[in-house]
Amino acid sequence: MVFRAVIDADILKDSIEAISTLVDEAKFKLGPEGISLMAVDPANVAMVSFELSSKAFDSYESTEGEIGLDLIKLVNVLGMAKSSDKVGLELNEKTHKLSISMGGLSYTLSLLDPSSIRKEPKVPSLDLPVKATLNGNDLRKAVKAAETVSDHIILGVDGDVLFMEAKGDTDQVRLGLTKDELIDLTASGPARSLFSLDYLSDMSKSLKKVNEITIHLGKDYPIKINFMIANGNGKVGYLLAPRIES
Amino acid sequence: MVFRAVIDADILKDSIEAISTLVDEAKFKLGPEGISLMAVDPANVAMVSFELSSKAFDSYESTEGEIGLDLIKLVNVLGMAKSSDKVGLELNEKTHKLSISMGGLSYTLSLLDPSSIRKEPKVPSLDLPVKATLNGNDLRKAVKAAETVSDHIILGVDGDVLFMEAKGDTDQVRLGLTKDELIDLTASGPARSLFSLDYLSDMSKSLKKVNEITIHLGKDYPIKINFMIANGNGKVGYLLAPRIES
Amino acid sequence: MVFRAVIDADILKDSIEAISTLVDEAKFKLGPEGISLMAVDPANVAMVSFELSSKAFDSYESTEGEIGLDLIKLVNVLGMAKSSDKVGLELNEKTHKLSISMGGLSYTLSLLDPSSIRKEPKVPSLDLPVKATLNGNDLRKAVKAAETVSDHIILGVDGDVLFMEAKGDTDQVRLGLTKDELIDLTASGPARSLFSLDYLSDMSKSLKKVNEITIHLGKDYPIKINFMIANGNGKVGYLLAPRIES
């Protein structure tokens, strides 16, 4: 198996961090067209899908295959890169190692046995009635505000308004975004679901810099959050199960 | 009772932080002319007085009344505001809640029962012989330097010099400000008192950005620290009891 | 004994921090030509030598003598200085105190009894076959990268390449600097030694801002790291014992 590629440090860092928010170890699918991954968090509450096209790379060469990586170590290593650095990746199939070079440094990371990593999740087929497109930072802001009063947040649609609401024992906070304040909103049915802020908070860290995210919502249904990375040459999707409103 | 107002986030933040440095919960007096408060810290060592004129607000409407607020929560909520944000405040007397809106977010904070909050202190009538006007940052600097050697600081006047002095077991630090380095100094009697740095440190955080503060001192007497906020449309006064020099 | 001097806060801060990385208390030799020091860390693993010429000072006056200082306190005090501050130093031999003045503040630090401080180490005479001159930040970068996989780092020369290498249980990292990437390299024999990152990490903090450092290496021999401070008016030398490669 061959895998050899060069990519901007920033793009690789953002990509790996979007995944490591949910899982510590992951199994990547490599192929001539690019890299992809599907993973579910240890508690089976959230799922991440990830695709990075070969076009996101400065140079890219890969046959079909699968590698397991320790994302914590990888994030650590990429933390040494300056944003202007190029990162070189090369698989050594014999030694089961990935070599990562940047700015004169060269790391050699042992691969994980893919069979030791949780299996890819089955993606549930969901037909969610609400689709909203908004600035990633608006969701981030709502999540941070919600954290000041509760561990949970309600996301839903009320007429032409996408709302995010959190209720503490005595206090509450609400962010309402009208159709004008959103990039787009289409609703073919009611939507109101409760989510754990633990998960949304981690996910929303990846959204700070994202101009446009799409969320799909239903009534007591999971939320889907999709956004592009790598200047449109990659995409990340999160799926988060709802909690029951008490 | 009616209370409805809009104010710069920065002004409100500075105001509340100047109070929350001493007390976690506070009882505000509202009225057509503005807001005011008097509070004493739980240990009865320090007192804060606060006034914010209706002129400090973009819009302001209030009847006479009293509300109790959890300042920790309020500081937390205001921490979400950008400095350019406007903050809207509105009292809902029926639900006993204060609604706080800013940048699309709307918080609803439960009021505290005013009778559950410590009574307003009696302000002692003090005739202190020294009055000095100086840059707030000079006091802040002296307090931070004093913390490197001791838990206490001595403030006093020696001839034409306002001095701040701290003595550790083996080391000491002293900041002397001559009349030239002060904005003003008048002394009609001796002044030298010892204060706990715990309190002065918290208080002096609010003074960092204040160009002009007035302090009043005596011999083993409390210190009074007064300064304007909200571009001259509000004022804060601290009173701190002395410790006995051993 | 007389000692009276004025110096840039920045220069004094950098000087003291380069020493305090190894020892908490130190015995300085004072004299008409300047200040110097030799100290060994409590575990006898590393040594620092330090010289600061009278030319590094704005004004300088000293007779021959020796003073003991608590470096932790001194670093703390200097932390209060702005980088543009001038720091005045003056010894009071009668009270056994050093007075430090800056920006209106004046500190009085008790001297330590020089006889209570560890004796000056004997400097081993070493003839190390490799001498490399490089940017201080390159060593700093290698040390930080090594810390992501191990507690130790190997420094050595392989042909025309100065290499720094660390091996964890499964992963490794290597920085190779060719003669072109170094300022200079001369090798009259083999060099490869293992060092504890604990020590090198502390030392390399002082190297971040240093354009040119010289290191001397041998085979399982100590490393010497030398660099200039105070715009060429001072120098610091570290000597670190090797660990045995297992």
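Let us look at the structure shown here. (Residues numbered from 1 in each chain as written. Chains lettered and ligands numbered in written order. Predicted model: local features only at pLDDT ≥ 70, side-chain atom pairs only at ≥ 80, totals over all residues. Heavy atoms only, no water.)

## Notes on the side chain of serine 20 of chain B
Residues and elements named next belong to chain B.
Reasoning step 1: As for its position among the elements, serine 20 is in helix 1 (residues 9-20).
Reasoning step 2: On the accessibility criterion, serine 20 (18% relative accessible area) is buried.
Reasoning step 3: Ignoring sequence-local partners within four residues, the contact set of serine 20 consists of Leu71 and Val75. (Helix = DSSP H or I, 4+ residues; strand = E, 2+ residues; numbered from the N terminus. Buried < 20%, exposed > 50% of the residue type's maximum accessible area, 1.4 Å probe, protein only. Contact = heavy atoms within 4.5 Å.)

## Digging into the interface of chain C and chain A
Reasoning step 1: Residue-level contacts link 11 residues of chain C with 12 residues of chain A.
Reasoning step 2: Where chain C abuts chain A, roughly 1000 Å² becomes buried across the two surfaces, and 52% of that area is made up of carbon and sulfur atoms.
Reasoning step 3: Area buried by chain C at its contact with chain A is led by Thr148, Thr170 and Asp171 of chain C, which between them contribute 39% of it.
Reasoning step 4: At the junction of chain C with chain A, the criterion picks out 1 salt bridge.
Reasoning step 5: Across the pair lysine 73 of chain A and aspartate 171 of chain C runs a salt bridge whose closest N-O atoms are separated by 2.6 Å.
Reasoning step 6: Between chain C and chain A we count 8 residue pairs in polar contact (both at pLDDT 80 or more) in total.
Reasoning step 7: At the level of secondary structure, the elements contributing two or more residues to the side of chain C that touches chain A comprise helix 3 (136-147) and strand 13 (172-178) of chain C.
Reasoning step 8: Element by element, the count of residues in the side of chain C that touches chain A is highest for strand 13 of chain C, at 5 residues.
Reasoning step 9: Taken together, the residues of the side of chain C that touches chain A break down into 3 nonpolar, 4 polar and 4 charged.
Reasoning step 10: Sheet analysis places strand 9 (residues 105-110) of chain A next to strand 13 of chain C, joined by 4 bridges and oriented antiparallel. (Buried area = accessible area lost by both parts, 1.4 Å probe. Salt bridge = Lys/Arg side-chain N within 4 Å of Asp/Glu carboxyl O. Polar contact = N/O pair within 3.5 Å; in protein donor to acceptor, adjacent residues only side chain to side chain. Nonpolar A, V, L, I, M, F, W, Y, C, P; charged D, E, K, R; others polar. Pairing = 2+ DSSP bridges.)

## Digging into the nonpolar core
Reasoning step 1: Counting residues in each nonpolar core, the largest one holds 243 residues, and the members touching the most others are Phe28 of chain A, Phe28 and Ile225 of chain B together with Phe28 of chain C.
Reasoning step 2: Here isoleucine 225 of chain B is in contact with Leu139, Leu200, Met203, Leu207, Ile213, Thr214, Ile215, Val236, Gly237 and Tyr238 of chain B, once residues within four sequence places are set aside. (Core = buried A, V, L, I, M, F, W, Y, C linked by side-chain atoms within 4.5 Å.)

## Details of the interface of chain B and chain A
The figure often quoted for interface size is the accessible area lost as the parts come together.
Reasoning step 1: Across the boundary between the two partners, chain B contributes 12 residues, which contact 11 residues of chain A.
Reasoning step 2: Buried area between chain B and chain A, both sides added, is near 1000 Å², and the carbon and sulfur share of it is 52%.
Reasoning step 3: Linking chain B to chain A there are 1 salt bridge.
Reasoning step 4: Those elements that place two or more of their residues in the side of chain B that touches chain A are helix 2 (71-78) and strand 9 (105-110) of chain B.
Reasoning step 5: When residues of the side of chain B that touches chain A are assigned to their parent elements, the largest contribution, 6 residues, is made by strand 9 of chain B.
Reasoning step 6: Tallied by class, residues from the side of chain B that touches chain A come to 4 nonpolar, 6 polar and 2 charged.

## Describing the relation of the copies chain B and chain A
Reasoning step 1: Screw-axis analysis of chain B against chain A gives a translation of 0.1 Å along the axis, an RMSD of 0.1 Å, and a rotation angle of 120°. The transformation just described matches what one would write down for a three-fold rotation axis. (Least-squares fit on C-alpha atoms with pLDDT ≥ 70 in both.)

## Regarding the pattern of salt bridges
Residue and element names in this part refer to chain B.
Reasoning step 1: Applying the stated rule across the entire model yields 33 salt bridges over all chains.
Reasoning step 2: Here glutamate 120 and lysine 29 are joined by a salt bridge, their closest N and O atoms 3.8 Å apart. Of this pair, glutamate 120 sits in the loop between strand 9 and strand 10 (130-134) while lysine 29 is found in strand 2 (residues 25-31), placing the two residues 91 residues apart along the sequence.
Reasoning step 3: Its relative accessible area of 31% is what places glutamate 120 among the partly exposed residues.

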